[in-house]
Structure formats: C-alpha cells, structure tokens
Amino acid sequence: MDSRQAILSRIRTSLKATGGDGERAAVVANRLVERPQGIIPKRGQLPADERLALFIAMAEKYNATTERLGTSGSLPAAVAEYLKQRNLPASIRIGGDPRLTSLSWQTAGTLEVRSGASDGNDLVAVSHAFGGIAETGTLCVLSGPDNPVTLNFLPDHHIVVVEAAAIVGDMESLWANLRKGQGETMPRTVNMITGPSRSADIEQTLLLGAHGPRALHIVIVGTTA
C-alpha cells in the first residue's frame, strides 16, 4: 500500500466507511451532477441590452476603456486607431486564436502583427475573451496557445475582444457556460480581469500598471441578440 492509499484508508476508517459504499458514492455523484447554486444577486439579472450597459459602466468605473464594433472585421482598423491615438508603435502581439488570426490585419496599413507568447518586450497585446461579467465589468480569458497567459500580464496595453452575446450577468452564469463549452477538458488557467493592473499599497496612492498592463481597452463585438 502506497502513502496515498494509506491516507485514504485512515480516512475511511475514521468515517466508518468502506470503499464499496454505493450509497455514499451515489450521494457524491448526484451532488456533482446537480451543482447546487448559492444566492445570486439580482444586480446582473437584467435584459440583454441593460446587462451590456452595466458591463460597460462597471468596466469604465475600474479604469478600462471600451469600444463597440458591429463586426470583428472592423477590429484591425480599430486597433490601428487605438495605437495612433496613444502615439504607440504600430505593432501588436496576438496568440493563435482563429477569431484573431483570420482577420485581414494587412488592411490596417503598416501594422506589424507578431504571434505567440510575449517575451516581455511587447507594448501592446490583443486577446479574445471567453466572456464577460456584467455585475463587475470583469473579463474571462482562458489560457492556452490561442490566448497565451503572458499577454494578460506583460505588455503595457492590453486590448481584449469580447462578443456582446458572451457577456452574462454574474460569475455563476459564466462558470456554467464554461463548463458547458469546455466539457471535461478545462483550461489550465482561467484569468478574471477587472480593469488594468493597479495598486495603492504605497501611501494609498493609486498606481496603474503595478503588476501588469497599465491600460485595458475592451472591444465589444456584435449585438446581445
């Protein structure tokens, strides 16, 4: 018997349970299937358009900027304009997300598009979020080759694209969508991003970019319908 089995055996003994206890196994299985929910505030339980408005208001409250686009095809021009307005180099870093790599970036003039994880020398990164949470203005970005986690933390400016229809009212709804969409294969990291990085640890003075991007720009694509 290895150490793991020895520990489990002692637990079973203390609980007066056996490994073949079908009743206990059924209780656990039912609990996992039913996934009972706690109390969910009504703050985010709104009609779709009001929910989107709440998401935008909360995101901007926490120092993010937002932009609406009718279709993702307008994204290259929107990104180029973002860089121009902030006097940034015409260069971005993206992952392998097909919703980004399939776009006609060449239509944005001299914009340089680099792919893969950031090495810390990128000023601007573009990611695609899995969804958003209206009650807090939070983005959910999944790790992986499509959207490398380094893009969330290393560049100074983080542009995140999210579908309007993927913005839900509360975190519980987002996790439900994630379980439904991912099945048993969950991403290694689920990053919840609310505004740019900031800290007020020193003399209670708010400092943006303390532990990550100092600017977060959210591009909302499409409609809620």
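Everything here concerns the structure above.
Residues numbered from 1 in each chain as written. Predicted model: local features only at pLDDT ≥ 70, side-chain atom pairs only at ≥ 80, totals over all residues. Heavy atoms only, no water.

Enquirer: Quick question: what am I supposed to make of the overall build of the protein chain here?
Expert: When helices and strands are tallied, the protein chain shows six helices and 12 strands. The C-alpha extent of the protein chain, read off along each of the three principal axes, is 70 × 45 × 45 Å. Taken across its 225 residues, the protein chain has 39% of its residues classed as buried. For the protein chain, restricting intrachain contacts to residue pairs at least 6 apart in sequence, the fraction spanning at least 24 positions comes to 70%. Total accessible area on the protein chain is roughly 12900 Å²; 53% of this is exposed by carbon and sulfur atoms. Across the protein chain, the mean location of the 22 positive side-chain charges is 5 Å away from that of the 22 negative side-chain charges. (Helix = DSSP H or I, 4+ residues; strand = E, 2+ residues; numbered from the N terminus. Buried < 20%, exposed > 50% of the residue type's maximum accessible area, 1.4 Å probe, protein only. Contact = heavy atoms within 4.5 Å. Areas by Shrake-Rupley, 256 points an atom, 1.4 Å probe, with all protein chains shown as cover. Lys, Arg positive; Asp, Glu negative; His and termini not counted. Charge placed at Lys NZ, Arg CZ, Asp CG, Glu CD.)

Enquirer: What exactly am I supposed to notice about the sheet that holds strand S8 (residues 167-168) here?
Expert: Strands belonging to one sheet form pairs held by backbone hydrogen bonds; the direction of such a pair is parallel or antiparallel. One open sheet accounts for four strands, arranged S8-S5-S6-S9; its pairing is mixed. The strands lining the two open edges of the sheet, one partner per strand, are S8 and strand S9 (190-193). With three bridges joining them, strand S5 (residues 131-133) and strand S6 (residues 138-142) adopt antiparallel strand pairing. By the bridge assignment, Gly131 is partnered in S6 with Cys140. (Pairing = 2+ DSSP bridges.)

Enquirer: Explain helix H1 (residues 3-15) to me, please; I cannot follow it from the model alone.
Expert: Each full turn of the α-helix corresponds to 3.6 residues, which orients residues three or four apart in the same direction. Taking 1.5 Å as the rise per residue, H1 with 13 residues should run 18 Å; its terminal C-alpha atoms sit 19 Å apart, in good agreement. Two to three positions downstream of the cap, the backbone nitrogen of Arg4 sits 3.3 Å from a side-chain oxygen, assigning the N-cap of H1 to Asp2. Just beyond H1, the residue with positive phi is Lys16, at close to 55 degrees. (Expected span 1.5 Å × (residues − 1). Polar contact = N/O pair within 3.5 Å; in protein donor to acceptor, adjacent residues only side chain to side chain.)

Enquirer: I tried to follow the sheet that holds strand S3 (residues 112-115) on my own but got confused; where do I start?
Expert: Read from one edge of the open sheet, six strands run S1-S12-S7-S4-S2-S3, paired in parallel fashion. Of all the strands in the sheet, just strand S1 (65-69) and S3 have a single pairing partner and so form its edges. Ignoring which end each strand starts from, the neighbouring axes of this sheet average 25 degrees apart. Where strand S7 (residues 157-163) lies against strand S12 (residues 215-221), seven bridges are found, and the strand directions are parallel. (Axes fitted to C-alpha atoms, helices over the stretch in contact; angles between N-to-C directions.)

Enquirer: Could you clarify how one ought to interpret the environment of Trp175 in this entry?
Expert: Relative to the helices and strands, Trp175 is located in helix H6 (residues 171-182). Using a relative accessible area of 28% as the deciding quantity, one classes Trp175 as partly exposed. Distance from Trp175 to Gly131, taken between C-alpha atoms, is 9.9 Å for residues 44 residues apart in sequence. Each residue touching Trp175, except ones within four places of it in the same chain, is listed here: Met186, Val190 and Met192.

Enquirer: Could you clarify how one ought to interpret the pattern of salt bridges in this entry?
Expert: Pairs can form between side chains of opposite charge once their charged atoms are near each other. This structure, assessed with the given rule, holds four salt bridges. A salt bridge links Arg99 to Asp97, with the shortest nitrogen-to-oxygen separation between them at 2.8 Å. Connected through shared salt-bridge partners, Arg93, Arg114 and Asp122 make up one network. (Salt bridge = Lys/Arg side-chain N within 4 Å of Asp/Glu carboxyl O.)

Enquirer: Help me understand the side chain of Thr138, please; the structure alone is not making it clear to me.
Expert: Along the chain, Thr138 falls in strand S6. In terms of polar contacts, Thr138 uses its side chain to reach the side chain of Thr194, at 2.6 Å.

Enquirer: Whenever I open this one, the nonpolar core confuses me. Can you help?
Expert: For soluble globular proteins, the rule of thumb is that nonpolar side chains tend to be buried together. Ranked by internal contacts, the top residues of the largest apolar core, which has 21 residues, are Leu75, Val79, Leu83, Ile92, Trp105 and Val126. For this core, the secondary-structure elements that each account for two or more residues are helix H4 (75-85), strand S2 (91-94), strand S4 (124-128), S7 and S12. Ala64, Val141, Val160 and Ala164 belong to the second largest nonpolar core, which has 19 residues in total. (Core = buried A, V, L, I, M, F, W, Y, C linked by side-chain atoms within 4.5 Å.)

Enquirer: How should the pairing of S2 be read in this particular structure?
Expert: Regular strands place side chains that alternate from one sheet face to the opposite one. Neither face of S2 is open: one carries Ser91 and Arg93, the other Ile92 and Ile94, and all of them are buried. In this sheet, S3 lies alongside S2 in parallel orientation, the contact comprising four bridges. When the sheet's bridge partners are listed, Ile92 is paired in S3 with Val113. In the sheet, S2 pairs with S4 via two bridges, with the strands oriented parallel. What sits directly across from Arg93, in S4, is Ala125.

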